[in-house]
Amino acid sequence: MQVLAPVVDDLKEQASRFVRYLPRLWPLYVMVIPALIHLVLLSYYPMYGIRIAFQEYKPALGFAKSQWVGLKQFQLMLDNPSFWQIFRNTIVIATSKIVTLQFCAVILALLLNEVRKLFYKRSVQSLVYLPYFLSWIVLGGIMLEMLGSAGVVNQLLQRAGVEQPIIFLGNNRTFVPTLVASHLWQQVGWATILYLAALTSIDPQLLEAAAIDGAGRFQRVLYIILPGVLPTLLLVLCLDFGLLFNAAGFDQVLNLYNPAVYSTGDILDTWIYREGLLGARFSLATAVGLVRSVLGLILIVVSLRLISRFTDYQVY
Amino acid sequence: MNRAERRGIGSRVFDIFNHTFLLVLGLSCVIPLIHLLALSFSDRAAATGGLVTLWPVRPTSITYEKVLEAGVFLNAFWISVIRTVIGTTLQMTLVVLISFPLSKNKEEMPFRNIIMGSVVFAYLFNGGLIPWFLVIRKLGMLNTIWALIIPQALPLWNVILMMNFFRRVPKELEEASIIDGATYWQILLHVYLPISVPALATLTLFGAVGHWNAWFDGMILIADRDLIPLQTFLRTVVVKMDMNEFMRNPEDFDMFSDRSLRAAQTLVTVVPILVVYPFLQRYFVSGITLGALKG
């Protein structure tokens, strides 16, 4: 209890100021109320609901009265061979997406930076940012239409001499690469924004001095511009890996996958949705969700720690 | 120093390749939409035969007539408009109302850090899909329009962004109004909101796009077909390939292909995004860097 003493004192002190200044401060507390109600009902109440991961949830009994079963759901999860597969799929898909996207985004930013005509640069940017704002329903619809066996892509491949149509979304060899490529296509323009912002802060005098010293264009990119965006790249990679489980991309996978590609394409989130909501295995899916949330929390906390240690970037 | 003069052959060749590559990349982002546009206006034989690339073959607008005739599509469009307007308004109200007090420090606002901590923790950790769904069901929101509005009403990341933006408002402005006897309501309304217009516009636009594009909530929280939002309806059409809504007159299918029908519906869904796109562009950079960096 000794350790808590300063905290308690601090709270007491805040409480006394709260009472003293309430006549002037009350609007601040009123303003917070609607959001706090939302937070309690839609964030913290679901957290309380996590208890069903340790229960055999029955809808009629609810969170409070369902029977406790200890770690049974977690045992079921670990015994299920598909769990490990899904876990691996999630990490493989997320990692491939993050690495591919950021690598290409840096290159695209460097290429855009080399365009001198502002109008040209702006026009290209307007085009490449667009897919970011389309939903995965729209993009999924476009892909299913264009990549199907009778779609325009296979028509063109056929004319180019490919005999068998490629079922991009229907077999395990092509499914994940198609996910990664389409995600790249959707996001790469958007992902350049941070790098372009970093590029504007490179000192032009440095570039001019290098030019005078005889550095060619490529050398200037390699030795001055690229090091200029590296800190941003590391920061973005760090944040992205902190959000690894989101990076697998539930929206995209759910709209593109099918039972034929479950062995490579099924991820934690789609599994939770399918087994939990469609299959009504509420407790088991909550247990899997809890593992995902806890691992996610650890990742993001570690990545934010790393970031605040090495940069002055602060999220909150 | 004249740059152009100093460039060698290699540099010029690179420029040509670079410009061409960027052009191709840029076009690749709109060509799928143009392909859909061509497909949606082509007649049955051309669409099913795979003859359409970027230009309509034997143009007809019958698919659009069918889409606009179908009550479900228009109804879903309308539901999406409602959820976007009400949802974004509510979202911005809640975000502004909580961000302003949180932008104070704990010396000015006792217990501020406790509230902030609960926001940040809820952002970093959540109950997961199943408990979230069960809570919404328990709160009686299933199958009401509120299921599309309330759960999305407090995007915690936006709270963090908005709070950081408010923090950078110069203190002098506020102190002057306090001396003049202004209340916190007046300070928020007359000092903070007017100078936060760019941030508010950014979050509003992005919030509206998010609402318009949302489909998962409509899929799991709404069963009543009169309340299905557009993206969720579109999913049954383009992902599940369910054409029952449009199969009322089998002879229609002599005139147009189901592929054209799907393309037309996808495009109508995208139109509102294309309309706000120029405005979105103005706020791209502020949207992504807003509030993220502070010294």
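Nothing here was measured: the structure is a model prediction, and the numbers come from that model.

**Some words on the overall build of chain A**
A count of helical and extended segments in chain A gives 15 helices and two strands. C-alpha atoms of chain A, sized along the principal axes, occupy 70 × 60 × 35 Å. Looking at chain A as a whole, 34% of its 316 residues qualify as buried.

**Observations regarding the overall build of chain B**
Per the secondary structure count, chain B includes 14 helices and zero strands. Along chain B, helices (α) and strands (β) appear in the sequence α-α-α-α-α-α-α-α-α-α-α-α-α-α when read from the amino end. Its C-alpha atoms give chain B a radius of gyration of 25 Å, clearly above 19 Å, the size a compact globule of 295 residues would have. Principal-axis analysis of the C-alpha atoms gives chain B an extent of 75 × 70 × 35 Å.

**Points about the domain arrangement of chain A**
All names here are of chain A. When cut into domains, chain A gives domain 1 (22–68) and domain 2 (76–310). Between domain 1 and domain 2, the C-alpha centre-to-centre distance is 34 Å. The interface is formed by six residues belonging to domain 1 together with five residues belonging to domain 2. In terms of residue class, the side of domain 1 that touches domain 2 is made up of four nonpolar, one polar and one charged.

**Section: the interface of chain A and chain B**
Across the contact, 73 residues belong to chain A and 76 residues belong to chain B. The greatest single-element share of the side of chain A that touches chain B, amounting to 20 residues, is contributed by helix H1 (residues 5–48) of chain A. For the side of chain A that touches chain B, the per-class residue count stands at 52 nonpolar, 15 polar and six charged.

**Remarks on unusual backbone geometry**
For Ala-280 of chain A, which is not glycine, the phi dihedral falls at a positive 55°. For Ala-280 of chain A, the location among the structural elements is in the loop between helix H14 (268–278) and helix H15 (282–310). Even without glycine at this site, Asn-143 of chain B takes up a positive phi of about 65°. By the secondary structure assignment, Asn-143 of chain B is in the loop between helix H7 (129–138) and helix H8 (156–167).

**Some details on the nonpolar core**
Ala-105, Ile-272 and Val-288 of chain A together with Ile-98, Val-159 and Met-162 of chain B are the most contacted members of the largest nonpolar core, which has 139 residues in total. Top contributing element to this core by residue count: helix H4 (residues 81–113) of chain A, with eleven residues. With near-sequence residues (within four places) excluded, Ile-272 of chain A lies in contact with Ala-285, Val-288 and Gly-289 of chain A together with Leu-129 and Ile-130 of chain B.

**Observations regarding the packing of helix H10 (residues 217–242) of chain A against H15 of chain A**
All names here are of chain A. Contact geometry of H10 with H15 gives a least axis separation of 7 Å together with a crossing angle of 160°. Between H10 and H15, the crossing angle belongs to the class labelled roughly antiparallel. The handedness of the crossing between H10 and H15 is left-handed. Between H10 and H15, the residues in contact are Leu-235, Cys-238, Leu-239, Phe-241 and Gly-242 and Leu-299, Ile-300, Ser-303, Leu-304, Leu-306 and Ile-307, respectively. Split by residue class, the contact of H10 with H15 holds nine nonpolar, two polar and no charged.

**Some remarks on the environment of Ser-80 of chain B**
Residue and element names in this part refer to chain B. Checked against the element boundaries, Ser-80 lands in helix H5 (residues 71–102). Given 27 C-beta atoms within 10 Å, Ser-80 falls into the buried group. The spatial distance from the C-alpha of Ser-80 to the C-alpha of Asn-164 is 31 Å, given a sequence separation of 84 residues. Not counting residues within four places of it along the chain, the set of residues in contact with Ser-80 comprises Trp-212, Pro-229, Leu-230 and Gln-231.

**Observations concerning helix H11 (residues 197–213) of chain B**
In this model H11 of chain B runs 24 Å from its N-terminal to its C-terminal C-alpha over 17 residues, within 8% of the 24 Å that 1.5 Å per residue would give. Of the positions making up H11 of chain B, those classed as buried are Ala-199, Thr-202, Leu-203, Leu-205, Phe-206, Gly-207, Ala-208, Val-209, His-211, Trp-212 and Asn-213 of chain B.

**Quick notes on helix H6 (residues 112–124) of chain B**
An ideal rise of 1.5 Å per residue puts 18 Å on 13 residues; H6 of chain B measures up with 18 Å between its terminal C-alpha atoms. Tucked into the core, H6 of chain B has its buried residues touching H1 of chain A together with H5 and H8 of chain B.

**Topic: the environment of Ala-109 of chain A**
Residue and element names in this part refer to chain A. The residue Ala-109 is located in helix H4 in this model. Considered as a pair, Ala-109 and Ala-198 are 89 residues apart in the sequence and their alpha carbons are 9.8 Å apart. Look past the residues within four positions of Ala-109 in its chain and what remains in contact with it is Thr-192, Tyr-195, Leu-196, Leu-199 and Val-229.

**Remarks on the packing of helix H5 (residues 118–129) of chain A against helix H8 (residues 172–200) of chain A**
Helices that pack against each other are described as a pair by the angle of their axes relative to one another and the distance between those axes. Residue and element names in this part refer to chain A. The N-to-C vectors of H5 and H8 enclose an angle of 130°; their axes lie 8 Å apart at closest approach. One element, H5, and the other, H8, form an angle in the oblique class. The residues of H8 that touch H5, namely those facing Gln-125, Val-128 and Tyr-129, are Val-188, Gly-189 and Trp-190. Of the residues belonging to the contact of H5 with H8, the class tally is four nonpolar, two polar and no charged.

**Points about the environment of Tyr-257 of chain A**
Positionally, Tyr-257 of chain A belongs in the loop between helix H12 (250–256) and helix H13 (262–265). Distance from Tyr-257 of chain A to Gly-62 of chain A, taken between C-alpha atoms, is 33 Å for residues 195 residues apart in sequence.

**Section: the confidence of the model for chain B**
One rule of thumb: low pLDDT means the predicted coordinates there are not for detailed reading. All names here are of chain B. Of the residues in chain B, 91% have a pLDDT of 70 or more, and the chain-wide mean is 89. Between residues 1–5, whose pLDDT stays under 50, and residues either more than four places distant or in other chains, the model counts zero contacts. The low-confidence segment residues 291–295, where pLDDT is below 50, has eleven contacts with residues more than four positions distant or belonging to other chains. Here the prediction assigns the complex a pTM of 0.92, and the interface score ipTM is 0.92.

About the cut-offs
- The written sequence of each chain sets the order in which its residues are numbered from 1.
- For naming, the first written chain is A and the first written ligand is 1, with later ones following in the order written.
- Local features in this predicted model are restricted to residues of pLDDT 70 or higher, and side-chain atom pairs are both shown and tallied only at a pLDDT of 80 or more, whereas totals for entire chains, interfaces and linings draw on every residue.
- A helix here means a DSSP run of H or I that spans at least four residues, while a strand means a run of E at least two residues long, and both kinds are numbered starting from the N terminus.
- Whether a residue is buried, exposed or partly exposed follows from its count of other C-beta atoms within 10 Å of its own C-beta, namely 20 or more, 12 or fewer, or something in between, respectively; the C-beta atoms are built from the backbone.
- Here the globule rule is a power law, 2.2 Å times the number of residues to the power 0.38, and the radius of gyration is based on C-alpha atoms.
- Delimitation of the domains relies on an automatic or database domain assignment.
- Here contacts are defined at the residue level, using C-beta atoms placed from the backbone and a cut-off of 7 Å between them.
- Throughout this entry, Asp, Glu, Lys and Arg are counted as charged residues, while Ala, Val, Leu, Ile, Met, Phe, Trp, Tyr, Cys and Pro are counted as nonpolar. The remaining residues, Gly among them, count as polar.
- In these notes, a nonpolar core means any group of buried Ala, Val, Leu, Ile, Met, Phe, Trp, Tyr and Cys residues linked to one another through C-beta atoms within 7 Å.
- Geometry is summarised by axes, namely lines fitted to C-alpha atoms with helices restricted to the contacting stretch, and by angles between N-to-C directions that run from 0 to 180 degrees.
- Reported orientations rely on four angle classes, namely roughly parallel under 35 degrees, roughly antiparallel over 145, roughly perpendicular from 65 to 115, and oblique for the rest.
- By definition, any crossing whose near helix is turned counterclockwise from its far helix by less than a right angle is left-handed, and any crossing with a clockwise turn is right-handed.
- Expected helix span is given by 1.5 Å per residue-to-residue step, counting one fewer step than there are residues.
- A residue's pLDDT is simply how confident the predictor is in it, with values from 0 to 100.

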